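Observations on the model geometry
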Amino acid sequence: MRWGWPSGVTKQAEEMRVLWTWAGVAALAVGALVWGLIFWCCIRYRKKSDVLPRQTKYNLPIEIVYSIAPFFVIAGLFYRTAVVENNVNHLSKNPDVLIRVDAFKWNWQFEYLEDHGKKTVYAADKSTALSTVGSDNEIPVLVVPVHQSVQIIEHSEDVVHSFWVPEFLFKRDVIPYGPDHTSEDNRFQFEAVTEGSYVGRCAELCGTYHSQMNFEVRVVSADTYQKYLVALNKAGEDNPARQSEALQAAGMAPYATTTHPFNTDRTARAPSSAQNPTGD
Ligand SMILES: [Cu+2]
């Protein structure tokens, strides 16, 4: 039973769904009790004659019970919410995959920093992380392995953006902290459980082309993910087509399939391509 809760594709989204379902069960239980008491009173104490019934007031035990009972209901809801929230915000010391997301007006760059504790760097230049960046006519694609903990470090080059994947049921603001970091870049972590392609969007109004600041998340098998990293390395650092070449080499569609460049219509499912920048 999900009672209108959208289906997510991460472990975290499923935890939220469970909280929602049980909150619904609790609400229905309270509802059943209240409806039951109302109908019981209506029937038990309906008017039977013109004699004025015995008048009662100030029942202290009942008043104490109905003052304290809601406190326990609220405490229970609060506790479960706090537990799920902590799990959703949980960061492991050693996530399986560490990726830096750079947001800028108006696109995204994905840097694959670490894979199981090992730095992923271009073989030719051992200091640069494997990365891809979106452009006016190519949607940036973030590839992550299924059933692995993926930690994201968010970094903004200019203004506030927000990393949002509707199917993750999650978004997190990307805050620019400037050169003298007064705080740390936002981090979050997820574990995807369903392979597939999911559209991602910027969810914080960030300027003229905010609505076109889309990306795509590909959740793939661990094997395909490894192939993708190898292919990225092979495609080279200065190759403008490295993303599409690497996606294809790893056996995936070379361009985003959930969104088009310059087309924010979420129902448009035809593949985007560099040759078709307007998406029509
Ligand atoms: Cu933005």
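Residues numbered from 1 in each chain as written. Predicted model: local features only at pLDDT ≥ 70, side-chain atom pairs only at ≥ 80, totals over all residues. Heavy atoms only, no water.

Some words on the overall build of the chain
Assigned secondary structure in the chain consists of four helices and 11 strands. Structurally, the chain occupies a C-alpha span of about 95 × 45 × 35 Å along its principal axes. Taken over 280 residues, the chain has a buried fraction of 38%. Here the analysis covers contacts within the chain between residues at least 6 apart in sequence; of these, 63% occur between residues at least 24 apart. Placing the 26 positive and 31 negative side-chain charges of the chain at their respective mean positions leaves the two points 14 Å apart. (Helix = DSSP H or I, 4+ residues; strand = E, 2+ residues; numbered from the N terminus. Buried < 20%, exposed > 50% of the residue type's maximum accessible area, 1.4 Å probe, protein only. Contact = heavy atoms within 4.5 Å. Lys, Arg positive; Asp, Glu negative; His and termini not counted. Charge placed at Lys NZ, Arg CZ, Asp CG, Glu CD.)

Details of the coordination of the copper ion
Summarising the metal site, the copper ion is bound by the protein donors His-161 (ND1), Cys-202 (SG), Cys-206 (SG) and Met-213 (SD), whose distances to it range over 2.0 to 2.6 Å. Coordination at the copper ion comes from four donor atoms whose angles at the metal span 92 to 125°, giving a geometry best classed as tetrahedral. Donor residues for the copper ion sit on one chain with the sequence pattern H-x40-C-x3-C-x6-M. Residue His-161 is located in strand β7 (residues 161-165), and its partner Met-213 is located in the loop between β10 (196-202) and β11 (214-220); the two are separated by 52 residues in the primary sequence. Grouping residues by exposure puts His-161 and Met-213 together as buried. (Donors = N, O, S within 2.8 Å, 3.2 Å for Na, K, Ca; no water. Tetrahedral: all angles 85-135°; square planar, octahedral: opposite > 155°, others 65-115°.)

What to know about helix α4 (residues 242-249)
For α4, every residue scored as buried is listed here: Arg-242, Gln-243, Ser-244, Ala-246 and Leu-247. Immediately downstream of α4, the backbone of Gly-251 shows phi near 85°, a positive value.

Some thoughts on the pattern of salt bridges
Going through the model one piece at a time under the given rule, you end up with seven salt bridges. Note that Lys-47 is salt-bridged to Asp-50, the shortest N-O span being 3.5 Å. For Asp-50, a relative accessible area of 74% corresponds to the exposed category. Note that Lys-227 is salt-bridged to Asp-223, the shortest N-O span being 3.5 Å. (Salt bridge = Lys/Arg side-chain N within 4 Å of Asp/Glu carboxyl O.)

Some remarks on the sheet that holds β7
To summarise the sheet geometry, strands pair through backbone hydrogen bonds and adopt either a parallel or an antiparallel arrangement. The five strands are arranged β5-β11-β10-β7-β8 in an open sheet whose pairing can be described as mixed. Looking at strand neighbours, the two that pair on one side only are β5 (141-145) and β8 (170-174), the edges of this open sheet. Strand-to-strand, the axes of this sheet are offset by a mean angle of 25°, without reference to chain direction. Here six bridges tie β10 to β11, and the two strands are oriented antiparallel to one another. Each residue of the ladder has a partner; that of Tyr-198, found in β11, is Val-217. Those strands touched by helix α3 (residues 222-235) are β5 and β11, and its axis lies near 130° from that of β5. (Pairing = 2+ DSSP bridges. Axes fitted to C-alpha atoms, helices over the stretch in contact; angles between N-to-C directions.)

A closer look at the pairing of β7
Most of β7 is tucked away: four of the five residues are buried. Here five bridges tie β7 to β8, and the two strands are oriented antiparallel to one another. Note that in β8 the partner of Val-165 across the bridge is Phe-170. Counting the residues between successive antiparallel strands, the hairpin from β7 to β8 contains four residues, one of them, Leu-169, with a positive phi of roughly 55°. As defined by bridge partners, β7 adjoins β10 across two bridges and the pair is classed as antiparallel. Opposite Trp-164, over in β10, you have Arg-201 as the bridge partner.

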